[in-house]
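The residues making up each chain are set out below.
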Number of protein chains: 2
Amino acid sequence: MNKSKVLNVVLVAVLIVLSVKVVSNRENTASAQNPQTVVQSSRATLDVIANRVSVREYTEQKVAKEILETIVRAGMAAPSAMNKQPWQFIIVDDADILKAIGEKIPTSSMAQRAPAGIVVCGDLSKAGQGWLEEYWIQDCSAASQNILLAVTDLGLGGVWTSIYPAEDRIKVIAEILSLPDHIIPLNIIPLGYPAGENKPKDKWSAENVHWNRW
Amino acid sequence: MNKSKVLNVVLVAVLIVLSVKVVSNRENTASAQNPQTVVQSSRATLDVIANRVSVREYTEQKVAKEILETIVRAGMAAPSAMNKQPWQFIIVDDADILKAIGEKIPTSSMAQRAPAGIVVCGDLSKAGQGWLEEYWIQDCSAASQNILLAVTDLGLGGVWTSIYPAEDRIKVIAEILSLPDHIIPLNIIPLGYPAGENKPKDKWSAENVHWNRW
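The structure presented is a predicted model; accordingly, all values stated were derived computationally and were not measured. Positions within a chain are numbered from 1, following the residues in the order the chain's sequence is written. Each chain gets a letter, beginning with A, and each ligand a number, beginning with 1, in the order they are written. At least 70 in pLDDT is required for a residue's local features to be given in this predicted model, at least 80 for side-chain atom pairs to be given and counted, and no such filter applies to totals for whole chains, interfaces and linings, which use all residues. Excluding hydrogens and water, the side-chain values take into account all heavy atoms of the structure.

### Let's talk about the overall build of chain A
Step number 1: Every helix listed is a DSSP run of H or I at least four residues long, and every strand listed is a run of E at least two residues long, numbered separately from the N terminus. Helix and strand counts for chain A stand at seven helices and six strands.
Step number 2: Element order for chain A, N to C, with α for helix and β for strand: α-α-α-α-β-α-β-α-β-β-α-β-β.
Step number 3: Working rule for contacts: check all heavy atoms of both residues, and any pair within 4.5 Å makes them a contact. A separation of at least 24 residues holds for 78% of the contacts in chain A among residues at least 6 apart in sequence.
Step number 4: Of the roughly 10000 Å² of accessible surface on chain A, a fraction of 53% belongs to carbon and sulfur atoms. Reported accessibility uses the Shrake-Rupley method at a 1.4 Å probe radius. Residues are deemed covered only where the shown protein chains occlude them.

Take a look at the structure:
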């Protein structure tokens, strides 16, 4: 064999090794290049927090029951004072009930146009005693914020419409949903797939930030 | 030139092309293989919501002022009733102040061991009038939950320790931080880089979920 032929053999061998490397690199890149697939179809947290918007118009697309349960699961992951978890969640996807709520409570009128809604309630039978009882408001508010972020993360849109402490609204919801006396609705969050564009507000204000004292 | 030499020239040319491809693929993979870098150091939202834990022990590592501001920015992104944004945020990273708070409020004792803390306050001068005033509690609770999720997302840990409505705790915080009368501290969230392991609780309970009525 002359030198040229030896070189041929060496070059072919190196070529084979390199070709294998190129193909395997390409496969790695394909699975890694889209962070959405890597992080289970979920958007980044700071991005979701900053870009959450109040969505009041929805398409006619239904929201799957599994998705509604995932949203409520996020609510239950909130912290609560003394870990009392003094909450209950009513998932409403019955069009007649949504229509009744939306018609009777003007500030929740978008419920009539929403394919679903979640009513976040305080459960006084699980709350603390005496002055500790009112922590249900803070706990259920934290759960509501988790719900809004989960809604955003899942490509849906919703809006926190207040029920508590408006006595008339509490009465309407309690009647429509047959709530017992110890269950106090904090809000209803109508939700669905967003129709139209909603631009997030930039609410940053340096005047709201103080270092170490007022 | 004999055939062997021609083949060598061709092989070397192909080798050069392949080598360039290998190097460029490797660079693509390096930037794409870690979703943390792709999505701006942020974890997936549902994951952060589910795995947030109350962190009460911290390493001695300081928290950069830019990170503390990012956390407070997340707080300000919360929704508020009638968009009043009735909140103020006191960022505390002065060790003496943290020590004073932790010593005087037993339920916030971990503030003594934390490199920083955020005091979320209601601002009654921005709140609604009459019965609408108390919405600051819900609004500041939503902001607090955003803060806890941002803390988790950034690799830090914190814990919501309650101040309002405990009159004695409100008085201590108001004195230490020189708060005017219209500023009501809802909580202090001591935070830092977590020391030790903290396992998230699974708080899912099917009994808390109701469909369409109680």
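Having seen it, we continue.
### Concerning the interface of chain B and chain A
Step number 1: If you look at the interface, chain B gives 93 residues, while chain A gives 92 residues.
Step number 2: Both faces considered, chain B and chain A share a buried interface measuring about 8200 Å² in area, 62% of it formed by carbon and sulfur atoms.
Step number 3: Buried area is a sum: the accessible area each of two parts loses on coming together, probed at 1.4 Å, counted once for each and added. Of all residues in chain B, the largest losses of buried area upon contact with chain A belong to Trp211(B), Asn212(B) and Trp214(B), amounting jointly to 10% of the total for that side.
Step number 4: Any pair of N or O atoms that falls within 3.5 Å is considered a polar contact. Within protein, one atom must be able to donate a hydrogen and the other to accept it, and sequence-neighbouring residues count only if both atoms are side-chain atoms. Applying the counting criterion to the chain B and chain A interface returns 32 residue pairs in polar contact (both at pLDDT 80 or more).

### Some words on empty space enclosed by the protein
Step number 1: Put plainly, a pocket is an open set of points on a 1 Å grid over the protein atoms alone with protein on both sides within 12 Å along at least five of seven lines, a cavity is a set where a 1.4 Å probe fits but cannot get out, and a lining residue has an atom within 4 Å of a point. Grid points are joined across faces, edges and corners, and a volume is the space filled by probe spheres set on the points. Counted under the stated rule, the structure contains two cavities of 30 Å³ or more.
Step number 2: When its volume is computed, the largest cavity comes out at roughly 40 Å³.
Step number 3: Surrounding the largest cavity, Ala81(A), Met82(A), Lys84(A), Pro86(A), Ala127(A), Gly128(A), Leu132(A), Glu133(A), Tyr135(A), Trp136(A) and Asp139(A) form its lining.
Step number 4: For this scheme, ten residues count as nonpolar: Ala, Val, Leu, Ile, Met, Phe, Trp, Tyr, Cys and Pro. Four count as charged, namely Asp, Glu, Lys and Arg, and the remainder, Gly too, count as polar. A per-class count over the lining of the largest cavity returns seven nonpolar, one polar and three charged.
Step number 5: The volume enclosed by the second largest cavity comes to roughly 30 Å³.
Step number 6: Around the second largest cavity sit Ala81(B), Met82(B), Lys84(B), Pro86(B), Ala127(B), Gly128(B), Leu132(B), Glu133(B), Tyr135(B), Trp136(B) and Asp139(B), which together line it.
Step number 7: Looking at the lining of the second largest cavity residue by residue, the class counts come to seven nonpolar, one polar and three charged.

### Points about the relation of the copies chain B and chain A
Step number 1: What sets the superposition is a least-squares fit of C-alpha atoms, and only residues with pLDDT of at least 70 in both copies go into it. Laying chain B over chain A is done by rotating through 179° and shifting 0.8 Å along the axis; what remains is an RMSD of 1.6 Å. The two molecules are tied by a two-fold rotation axis, judged by turn and shift. Proximity to the rotation axis, assessed at the C-alpha, singles out Ser4(B) in chain B; its C-alpha lies 1.0 Å from the axis.
Step number 2: Taken together, the interface assignments show that 99% of the residues at the interface of chain B recur at the interface of chain A, consistent with an identical surface on both copies.

### Quick look at the state of the cysteines
Residues and elements named next belong to chain B.
Step number 1: Sulfur atoms of two cysteines make up a disulfide when they are within 2.5 Å. In this structure the tally under the stated criterion is zero disulfides over all chains.
Step number 2: The cysteine cysteine 121 is free of any disulfide, with cysteine 140 supplying the nearest cysteine sulfur at 7.7 Å.
Step number 3: Only protein chains enter the area calculation, which uses a 1.4 Å probe; residues under 20% of their type maximum are buried, those over 50% are exposed, and those in between are partly exposed. We classify cysteine 121 as buried; its relative accessible area is 0%.

### Overview of the packing of helix α6 (residues 135-153) of chain A against helix α6 (residues 135-153) of chain B
To characterise two packed helices, one gives the angle between the axes of the helices and the distance between these axes.
Step number 1: Direction vectors running N to C along α6(A) and α6(B) enclose 55°, while the axes themselves pass 8 Å from each other. When the axis of α6(A) is compared with that of α6(B), the two are oblique. For the pair α6(A) and α6(B), the sense of crossing is right-handed. Residue-level inspection shows Ile137(A), Gln138(A), Ser141(A), Ala142(A), Gln145(A), Asn146(A) and Leu149(A) of α6(A) in contact with α6(B), the latter providing Ile137(B), Gln138(B), Ser141(B), Ala142(B), Gln145(B), Asn146(B) and Leu149(B).
Step number 2: Grouping the constituent residues of the contact of α6(A) with α6(B) by class yields six nonpolar, eight polar and no charged. Here an axis means a line fitted to C-alpha atoms, over the contact stretch when the element is a helix, while the angle between two N-to-C directions is reported on a 0 to 180 degree scale. Geometric relationships in this document are graded by angle, where less than 35 degrees denotes roughly parallel, more than 145 denotes roughly antiparallel, 65 to 115 denotes roughly perpendicular, and other angles denote oblique. Here is the rule for handedness: rotate from the far helix to the near one, and if that takes an anticlockwise turn smaller than a right angle the crossing is left-handed, while a clockwise turn gives right-handed.

### As for the pairing of strand β5 (residues 183-192) of chain A
Residue and element names in this part refer to chain A.
Step number 1: Among the ten residues of β5, ten are classified as buried, and the element is accordingly described as predominantly covered.
Step number 2: Taken together, the eight bridges between strand β2 (residues 116-123) and β5 define a ladder with antiparallel strand orientation. Bridging across to β5, glycine 117 finds its partner in proline 190.
Step number 3: Here, any two strands with at least 2 DSSP bridges between them count as paired. Taken together, the two bridges between strand β3 (residues 157-158) and β5 define a ladder with antiparallel strand orientation. Paired with glycine 157 across the two strands is glycine 192, which belongs to β5.

### Digging into unusual backbone geometry
Residue and element names in this part refer to chain A.
Step number 1: For the peptide bond that leads from tyrosine 164 to proline 165, omega is 5°, which places it in the cis range.
Step number 2: Looking at the element boundaries, proline 165 is found in the loop between β4 (161-162) and α7 (167-176).
Step number 3: Phi is positive for asparagine 212, which is not a glycine, with a value near 70°.
Step number 4: Of note, asparagine 212 is situated in the segment after β6 (209-211).

### Some remarks on helix α4 (residues 65-76) of chain B
Step number 1: Take the residue count of a helix, subtract one, and multiply by 1.5 Å to get its expected span. In a regular helix each residue adds 1.5 Å, so twelve residues correspond to 16 Å; α4(B) covers 17 Å between its end C-alpha atoms and thus fits that length.
Step number 2: What α4(B) keeps buried is the set Leu68(B), Ile71(B), Val72(B), Ala74(B), Gly75(B) and Met76(B).
Step number 3: Against α3 (45-51) and β6 of chain A together with β1 (87-92), β2 (116-123), α6 and β5 (183-192) of chain B lie the buried residues of α4(B).

### Quick notes on the pattern of salt bridges
Residue and element names in this part refer to chain A.
Step number 1: Criterion for a salt bridge: a side-chain nitrogen of Lys or Arg within 4 Å of a carboxyl oxygen of Asp or Glu. Applying the stated criterion across every chain, the model contains six salt bridges over all chains.
Step number 2: Note that glutamate 57 and arginine 113 form a salt bridge whose closest N and O atoms lie 3.2 Å from each other. Of this pair, glutamate 57 sits in the loop between α3 and α4 (65-76) while arginine 113 sits in the loop between α5 (95-104) and β2, placing them 56 residues apart in sequence.
Step number 3: Residue arginine 113 is classed as partly exposed on the basis of its relative accessible area of 40%.

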